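Take a look at the letters that make up each chain.
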Amino acid sequence: MLIGAACSVQFTGDRALMLRVVSVGEVDPYHDWIWLTGYVLDAKGLATSKRELYVMKAGVCIQRRTAPVCGQPRPPDSRKTVVR
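On a predicted model such as this, the values are computed, not experimentally measured, just so you know. (Residues numbered from 1 in each chain as written. Predicted model: local features only at pLDDT ≥ 70, side-chain atom pairs only at ≥ 80, totals over all residues. Heavy atoms only, no water.)

**Observations concerning the packing of aromatic side chains**
Then, in step 1: Applying the stated rule across the entire model yields two aromatic pairs.
Then, in step 2: For the ring pair Trp33 and Tyr54, a centre distance of 5.3 Å and an interplane angle of 25° mean the geometry is stacked. Taken together, the residues Trp33 in strand E3 (residues 33-41) and Tyr54 in strand E4 (residues 47-56) connect sequence positions 21 residues apart.
Then, in step 3: Using a relative accessible area of 25% as the deciding quantity, one classes Trp33 as partly exposed.
Then, in step 4: Both rings, one in Trp35 and one in Tyr54, keep their centres 4.9 Å apart while their planes meet at 40°; by these two values the pair is tilted. Highlighted residues: Trp35 in strand E3 and Tyr54 in strand E4, separated in sequence by 19 residues.
Then, in step 5: Three or more aromatic residues joined by ring pairs form one cluster here, namely Trp33, Trp35 and Tyr54. (Phe/Tyr/Trp six-rings, centres within 6.5 Å; stacked < 30°, edge-to-face > 60°. Helix = DSSP H or I, 4+ residues; strand = E, 2+ residues; numbered from the N terminus. Buried < 20%, exposed > 50% of the residue type's maximum accessible area, 1.4 Å probe, protein only.)

**Some thoughts on the sheet that holds E4**
Then, in step 1: Ordered in space as E1-E2-E3-E4, the four strands form an open sheet in which the pairing is antiparallel. Unpaired on one side and paired on the other, strand E1 (2-3) and E4 mark the two borders of the sheet.
Then, in step 2: Here E1 pairs with strand E2 (residues 17-24) via two bridges, running antiparallel. Opposite Leu2, over in E2, you have Met18 as the bridge partner. (Pairing = 2+ DSSP bridges.)

**Some details on the environment of Val9**
Then, in step 1: As for its position among the elements, Val9 is in the loop between E1 and E2.
Then, in step 2: A relative accessible area of 70% means that Val9 is categorised as exposed.
Then, in step 3: Taking the C-alpha atoms as reference, Val9 lies 9.5 Å from Val55; in sequence the two are 46 residues apart.

**Some points on the side chain of Thr37**
Then, in step 1: With respect to the helices and strands, the residue Thr37 is situated in strand E3.
Then, in step 2: Excluding residues that lie within four positions of it along the chain, Thr37 makes contacts with Arg20, Val21, Val22, Ser23, Lys50, Arg51 and Glu52. (Contact = heavy atoms within 4.5 Å.)

**Some remarks on the pairing of E3**
Then, in step 1: The sheet contact formed by E2 and E3 spans six bridges and is antiparallel. Counted as the bridge partner of Ser23 is Thr37 from E3.
Then, in step 2: Bridge count for E3 against E4 is nine bridges, and the pairing is antiparallel. Bridging across to E4, Val40 finds its partner in Ser49.
Then, in step 3: Taking the residues between adjacent antiparallel strands as the criterion, E3 and E4 are bridged by five residues, where Gly45 takes a positive phi near 85°.

Honestly, that's just the spatial picture; any functional story needs more than this.
Here it is as structure tokens:
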């Protein structure tokens, strides 16, 4: 997910980050705000640190990568293996 200014003023400009979410808090202390726990991703998509963030639900922007979304099958591989 892209965590930016729309999520909270603390993530404006160069403080925005990509987060691989591992859990969403069950309790919403304030209406339309949520706790997210996840790993901050660098430019290569590698996890650099674990964070807990408090953000506005409406500001969360899902960025899809080439990996399939959970529960969806991968597209068929166009490279066929020929067995002789």
